[in-house]
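Understanding the architecture of this molecule
As a plain string of letters, each chain reads:
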Amino acid sequence: MRRTPARAVAAALAGGLMLCLAALLVLGAPAPGALAQDGAGGPDTAWLEDLAVPYDAVRVVQRAVHRHMGVQIAQLQYAAAQARAVESRAALRPALTVDVRPYWLEAYEVDYGALSGLLPAVDIEDITDPKQWDELRARLEKAFEQARHYLDNGLPRRWYEGRAYTVTLTGRLPLWRSPLQRALDTIASADQRQAAADLEAAVGAAVVQSLEAYYGVLRAEAALRIARLALEEVELRAGEIASRRAAGTATRLDELQVEAERHQAEARVLQARGEVQAARMALNQMLGYPLDAHLNVVETDIPAAWPELDEAIALSARRADVLRALNDLEKARAGAVIAREQASVGLRLFGQYQWPETELQLGVDRHGYLGGTVTYTRLEMDSPLQQDQGERWTVGVEVSWPVFDGHQRRAQAAQAELQARQAELAAEQLQKMAVTEVTAAYARLQAAAEALDGARRGVAAAQEALAVAQELHAAGAATRRDVLQARMGLAQAEMGRLEATYAFTLAQAAYLQSAGVVLSHWLTLAGLDYLLDEWRAAGPDGM
């Protein structure tokens, strides 16, 4: 069955009504975020207040630095890195450990008193009767049997029960900053600086992503406007051909051609609508809104402010990747110091003093650490075994010299030196690359700025052409189609200007990012330049 123009128009209207109905259902349905319950038991609809607020680039950045998932992950990573830095400095701070150990015990002693009754006390001069000699012999035989029993089974034991507890204090105190301690402090400081740089870089990347999503919505809506104007132009031309066909000046082929163009224009409109919906979902996801929230996204002029090339090259030294390379260099050099210290001769002075119930041990090593242990032991036992051992002391020197370890320590020291040299070359190469990236980004930014100026002049020319077409149409010297084509030209010029603005914004962000100041630039524009200081001051426990 052939599709007549009337049926095609009816089908297009039916499709448009279905799309409008679907949009109303989506906007009228409860949003995923609205299903969440707040503390009072009602739906959480606070985000609905933001729908009527115009969302320009500055407001997008303001929302992104608080709700973007990348920013939240960066804050957690910063807190974890700060905690690691605190852990690295633990060896530079005093330390104290308390160990309490109660216990019960059972002990015995040999009963030597049993030997006293083996040999009877006998005075030979008093024995005069043979009967007394027999009694003495019997007693000696009995004592001999008892002695044999002791030899076979041991002397009898006396068992005692008791209880005791031991309290041990173990401490460590850095006395002076040795090369080893300075190396540990260098590693901890480098980790802390790198954590701050990584936080700034991650938040800056989240800001750039949010701006890309913001311009994605604007570009998609501009493309939808152009698609609708194209459809309107095709429908107007179809009406003209229908009139010409009725007058006999157009053929069926002309009708079929314009009908095919109209279907293509309708398909482009539908595709553009899908792109708008997808772009809005991406922006909502980055800003922490429900996917079907309809934000009032508006375009705004971004101030064309950036540092000069020489200043940007100097600022690039504080980029996160450059700082990471420099910090890695410091850590590699500190690692080489640690490897050399561990491979050298160990020296320790120690002393020990012991009382009946308390023992004190102290020692100072060549790395500047004072270590000590105090042990108190209390024993409660009703036994003569618990004896007072008196007081005694010991003082000495301990020398540890790795005579031969299979060249392990020497290999570790050599490896640490090579890693330090490698880190030095990597830092030097990255600094040169940063200068190249800044210079190239500056050239792209200049080209993008010139292209944006050209696109703006094109918009001005298209606006003037539309005004002329409207004046001619009012005077009867131009058709409605001429006005529509002028509107189409203006929409395309606006689309070109928007594309140029998008390219300029990305070029500006890339230039600022290459200089390491993209986040500070946008936080200043958004009035949030205090935010990074708050995050850094919060520390591991406040984020």
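Look up a bit, the structure's there.
Since this is a predicted model, take the numbers as computed values, not measurements. (Residues numbered from 1 in each chain as written. Predicted model: local features only at pLDDT ≥ 70, side-chain atom pairs only at ≥ 80, totals over all residues. Heavy atoms only, no water.)

1. So, the overall build of the chain
Of the regular secondary structure elements, the chain holds 12 helices and 8 strands. Classification of the 543 residues of the chain by burial places 34% in the buried group. By sequence separation, contacts in the chain at least 24 residues apart represent 80% of the contacts at least 6 residues apart. Roughly 32000 Å² of accessible area belongs to the chain as shown, and the carbon and sulfur atoms make up 57% of that amount. (Helix = DSSP H or I, 4+ residues; strand = E, 2+ residues; numbered from the N terminus. Buried < 20%, exposed > 50% of the residue type's maximum accessible area, 1.4 Å probe, protein only. Contact = heavy atoms within 4.5 Å. Areas by Shrake-Rupley, 256 points an atom, 1.4 Å probe, with all protein chains shown as cover.)

2. Some words on the packing of helix 5 (residues 179-247) against helix 11 (residues 518-525)
Contact pair helix 5 / helix 11: the axes reach a minimum separation of 8 Å and the direction vectors enclose 60°. Considering their axes alone, helix 5 and helix 11 lie oblique with respect to each other. The hand of the helix 5/helix 11 crossing is left-handed. In contact with Glu-200, Val-203, Gly-204, Val-207, Val-208 and Leu-211 of helix 5, helix 11 contributes Val-518, Leu-519 and Trp-522. Class assignment of the residues belonging to the contact of helix 5 with helix 11 gives a composition of 7 nonpolar, 1 polar and 1 charged. (Axes fitted to C-alpha atoms, helices over the stretch in contact; angles between N-to-C directions. Parallel < 35°, antiparallel > 145°, perpendicular 65-115°, else oblique. Left-handed = near helix turned anticlockwise from the far one by under 90°. Nonpolar A, V, L, I, M, F, W, Y, C, P; charged D, E, K, R; others polar.)

3. Points about helix 6 (residues 252-287)
For helix 6, with 36 residues, the first-to-last C-alpha span of 53 Å sits near the 52 Å given by 1.5 Å per residue. Where helix 6 terminates, the next one or two residues include Gly-288, which has phi positive at roughly 80°. (Expected span 1.5 Å × (residues − 1).)

4. Describing the nonpolar core
By size, the foremost hydrophobic cluster in this structure holds 81 residues, and its most contacted members are Val-65, Val-203, Tyr-214, Leu-283, Leu-287 and Trp-522. By residue number, the principal contributor to this core is helix 5, which donates 25 residues. Other than its neighbours up to four places away in sequence, Leu-287 contacts Tyr-55, Val-60, Arg-63, Ala-64, Arg-67, Ser-210 and Leu-295. If you look at the next biggest cluster of nonpolar residues, it comprises 8 residues, including Ala-462, Ala-469, Val-483 and Ala-486. (Core = buried A, V, L, I, M, F, W, Y, C linked by side-chain atoms within 4.5 Å.)

5. A short note on the sheet that holds strand 5 (residues 346-354)
Pairing within the open sheet is antiparallel, and its 6 strands lie in the order 2-3-7-6-5-8. Either end of the sheet is taken by a strand with one partner, and the two such strands are strand 2 (95-110) and strand 8 (392-400). Taking each pair of neighbouring strands and ignoring which way they run, the sheet shows an average axis angle of 15°. Strand direction decides the pairing type here: strand 5 and strand 6 (residues 358-365), joined by 7 bridges, are antiparallel. By the bridge assignment for strand 6, Leu-349 is matched with Val-364. (Pairing = 2+ DSSP bridges.)

6. Topic: a nonpolar patch on the surface
Together, Val-345, Leu-347, Leu-349, Val-397, Val-399, Trp-401, Val-403 and Phe-404 make up an exposed nonpolar region whose accessible area comes to about 890 Å². Elements with a contribution of two residues or more to the nonpolar patch: strand 5 and strand 8. Inspection of the secondary structure assignment puts Val-397 in strand 8. (Patch = residues over 30% accessible without salt bridge, like charges linked within 9 Å, V, L, I, M, F, W, Y side chains within 5 Å. Salt bridge = Lys/Arg side-chain N within 4 Å of Asp/Glu carboxyl O.)

7. What about the packing of helix 8 (residues 320-343) against helix 9 (residues 408-474)?
In contact at an axis separation of 8 Å, helix 8 and helix 9 are set at 165° when each is read in the N-to-C sense. Comparing the axis directions of helix 8 and helix 9 gives the class roughly antiparallel. Two packed elements cross with a definite hand, and for helix 8 against helix 9 that hand is left-handed. Residue classes in the contact of helix 8 with helix 9 are distributed as 15 nonpolar, 5 polar and 7 charged.

Bear in mind that shape data such as this cannot, by itself, settle questions of function.
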